[in-house]
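Here is what each chain is made of, one letter per residue.
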Amino acid sequence: MLTYLQRNSLGHSSDPRVKIIWVVVLMGIMFSTRTIEMAELSLIIALFACVFSSVSFSEVFPKPRFLAFILAMPFLFGYFFVSPQYGIINSAILLSALTMPVLFILTTERKAIVAALRFFKLPPSTAFSLALSLHFLPVFEKKFDLVRVAQSSRGYSGKNPIPLAVPLMHSVLRKTKSLSTSLDARAFDPDRIPMPYDLKMKTMDWFALLVLGGLVLARIYYF
Amino acid sequence: MLAVQIDKLSFSYSDKPILSGISVKIKQGEFVGLVGKTGCGKSTLLLTLNGIIPQMVNGNFSGTVLTLGKDATKTPVHELARSVAFVFQDPEDQIFSLRVEDEVLFGLSNIGIAGDEAKRRALEALRTVGLGEHLDSDPHTLSYGQKQKLAFACALAVEPEIFVLDEPVSNLDHFSSDEVYSILGKLNKSGKTIIIAEHDTEWLAEYASRILFLNNGKIEADGGPQILFDNKFEAAGVKVPCAVKISKEIGESLLTPSQLITRLKQKVKLKKR
């Protein structure tokens, strides 16, 4: 499930700002380059990121069938419209690109995300909303499963997404409304709350930024 | 024929065991109440009856589940939906249509029933649950209790052999709960099999012909409603009917308030004499 996993790893103890920079810059590099070398490098980086975060591949992608479906589309597109190699590159890059933000969510506490987003000058209310949306992803994932099960029990097996989408959307809206009401009831004001997390750059964070800088240079001069 | 035959059923989510080696047979026409505290595996067990587990929910599954002689682990869920109707705890998980009638017709169209026959069934089911006046209403504007009744009507319209209900009255007021249970009682008398999960046994004491007590993923008690007098139910966090509690205090073995009142009246009369 897409929720924070409490563990003691390099990935977990890294500064959230560095993780955000890594995810954004790396995705930019990945999607701007379509070479087999970049595909290989992306997969290696994703693999190392999993190892450094003590998170298994099955925890990142708990639904292999769904992942296969997602990866199949860019693969088939590349395979039929460009070349088989291009299809493989597309899928490999997409796999790596999906891994990084998922790892970020799995290894970063909500208050750390809020603090990092506020550091990047996002208004406190926006930062709080963004972090809260991430926090509720597993809730909606679970709700989606419940809706799917409820409709399947009524014999639904078709391709029409409406019987799944409408109850899920209603649930999301209801949840949002009740959450905002409960926050209001407790006099919550994101603009007034102090920085919720102590942001501190450690040696390994500077090293991670250095490696990222190297990747950017490699992208400019090599790939 | 047996309605349900479960043999050595075990299920776990990754390393968390939910059901451990459950074996049970349910005859057609039985009214079975599945009781146990929250998280004991009641809903998981129910989901195996129409094949949702293991076909749609990932986990470690072993054992066999036969529903009306069909292997529920292999028969497609949409095929089992013809003979097994499910009513979930939260009706809002299934409601998506813009008209109450359309919501009921959706389930019927899934099993290949359309046209006048579908309309007849939908109207009959909606009238049965007291929503006959709301055919054109938007289901999302109904009260929560009415939505639960609508979900129940969707199941009724399918006219299945087995009704599986997961805490269907947990969000209903006393009057509406009474209505739902009296409909279930009538269905049971007409030969339908009812399997219902509840943590509140008040209604089951009155309507169920058999109680299965699930604790830590195992069936720890199986028998008539009289087994609710066993102290282990309360000890395990199951809400025992008030009538049973009072009966215990006065040394009787009565299950329902009406039985209890009759007995108390008799006692008062005897004392007066």
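Rules used throughout
- Residues numbered from 1 in each chain as written.
- Chains lettered and ligands numbered in written order.
- Predicted model: local features only at pLDDT ≥ 70, side-chain atom pairs only at ≥ 80, totals over all residues.
- Heavy atoms only, no water.
- Domains from an automatic or database assignment.
- Contact = heavy atoms within 4.5 Å.
- Buried area = accessible area lost by both parts, 1.4 Å probe.
- Salt bridge = Lys/Arg side-chain N within 4 Å of Asp/Glu carboxyl O.
- Polar contact = N/O pair within 3.5 Å; in protein donor to acceptor, adjacent residues only side chain to side chain.
- Nonpolar A, V, L, I, M, F, W, Y, C, P; charged D, E, K, R; others polar.
- Helix = DSSP H or I, 4+ residues; strand = E, 2+ residues; numbered from the N terminus.
- Buried < 20%, exposed > 50% of the residue type's maximum accessible area, 1.4 Å probe, protein only.
- Pairing = 2+ DSSP bridges.
- Axes fitted to C-alpha atoms, helices over the stretch in contact; angles between N-to-C directions.
- Expected span 1.5 Å × (residues − 1).
- Bend = angle between axes of the 7 residues up to and from the residue.
- Parallel < 35°, antiparallel > 145°, perpendicular 65-115°, else oblique.
- Left-handed = near helix turned anticlockwise from the far one by under 90°.

Chemist: What am I meant to see in the domain arrangement of chain A here?
Modeler: Accessible area lost upon the coming together of the parts is a frequently used measure of interface size. Residue and element names in this part refer to chain A. Along its sequence, chain A is carved into domain 1 (1-109 + 201-223) and domain 2 (122-196). Contacts between the two partners involve five residues from domain 1 and, on the opposite side, six residues from domain 2. In this assembly, domain 1 packs against domain 2 so that about 560 Å² is buried in total across both faces, 65% of it on carbon and sulfur atoms. Between domain 1 and domain 2 we count two salt bridges in total. For Lys63, the salt bridge is made with Asp145, and the minimal N-O distance between the two is 3.4 Å. On inspection of domain 1 and its partner domain 2, the count reaches one residue pair in polar contact (both at pLDDT 80 or more). A per-class count over the side of domain 1 that touches domain 2 returns three nonpolar, one polar and one charged.

Chemist: Sorry if this is basic, but what is going on with the side chain of Ser97(B) here?
Modeler: All names here are of chain B. Turning to its location among the elements, Ser97 is positioned in the loop between strand 6 (84-87) and helix 4 (100-110). Owing to a relative accessible area of 7%, Ser97 belongs among the buried residues under this scheme. Setting aside anything within four residues of it in sequence, one finds Ser97 in contact with Asp102, Glu103, Asp138, Pro139 and His140.

Chemist: Could you clarify how one ought to interpret the sheet that holds strand 2 (residues 16-27) of chain B in this entry?
Modeler: The pairing of strands in a sheet happens through backbone hydrogen bonds and is either parallel or antiparallel. Residue and element names in this part refer to chain B. Spatially, four strands are ordered 2-1-4-5 in an open sheet, and the strand pairing comes out antiparallel. Strands at the two margins of the open sheet, each flanked by one partner only, are strand 2 and strand 5 (70-71). Two strands pair when backbone bridges link them, and strand 4 (residues 60-67) and strand 5 are joined in this way by two bridges, in the antiparallel orientation. For Thr67, the partnering residue across the bridge sits in strand 5 and is Lys70. Packing of helix 1 (residues 42-49) onto the sheet brings it into contact with strand 1 (2-13), strand 2 and strand 4, and relative to strand 1 it is tilted by some 125°.

Chemist: Would you take a moment to explain helix 8 (residues 124-153) of chain A for this structure?
Modeler: At 3.6 residues per turn, the α-helix brings residues three or four places apart onto the same side. Residues and elements named next belong to chain A. Compared with the 44 Å implied by 1.5 Å per residue over 30 residues, the 43 Å span of helix 8 between its first and last C-alpha is a close match. Along helix 8, the sharpest change in direction is near 35° and occurs at Phe136; proline Pro138 comes one to four residues later. Just beyond helix 8, the residue with positive phi is Gly155, at close to 90°.

Chemist: Looking at this structure, I do not really get the environment of Ser182(A). What am I missing?
Modeler: Residue placement: Ser182(A) occurs in helix 9 (residues 162-185). Separated by 49 residues in sequence, Ser182(A) and Ser133(A) place their C-alpha atoms 16 Å apart.

Chemist: Looking at this structure, how should I read the packing of helix 3 (residues 36-52) of chain A against helix 6 (residues 84-107) of chain A?
Modeler: When two helices pack together, their arrangement is given by the angle between their axes and by how far apart the axes lie. All names here are of chain A. Between helix 3 and helix 6, the shortest axis-to-axis distance is 9 Å and the interhelical angle comes to 25°. The angle between helix 3 and helix 6 falls in the class roughly parallel. Helix-helix and strand crossings are classified by hand; for helix 3 and helix 6 the assignment is left-handed. Across the interface between the two elements, Ile36, Met38, Ala39, Ser42, Leu43, Ile45, Ala46, Ala49 and Cys50 from helix 3 touch Gln85, Ile89, Ala92, Ile93, Leu95, Ser96, Thr99, Met100 and Leu103 from helix 6.

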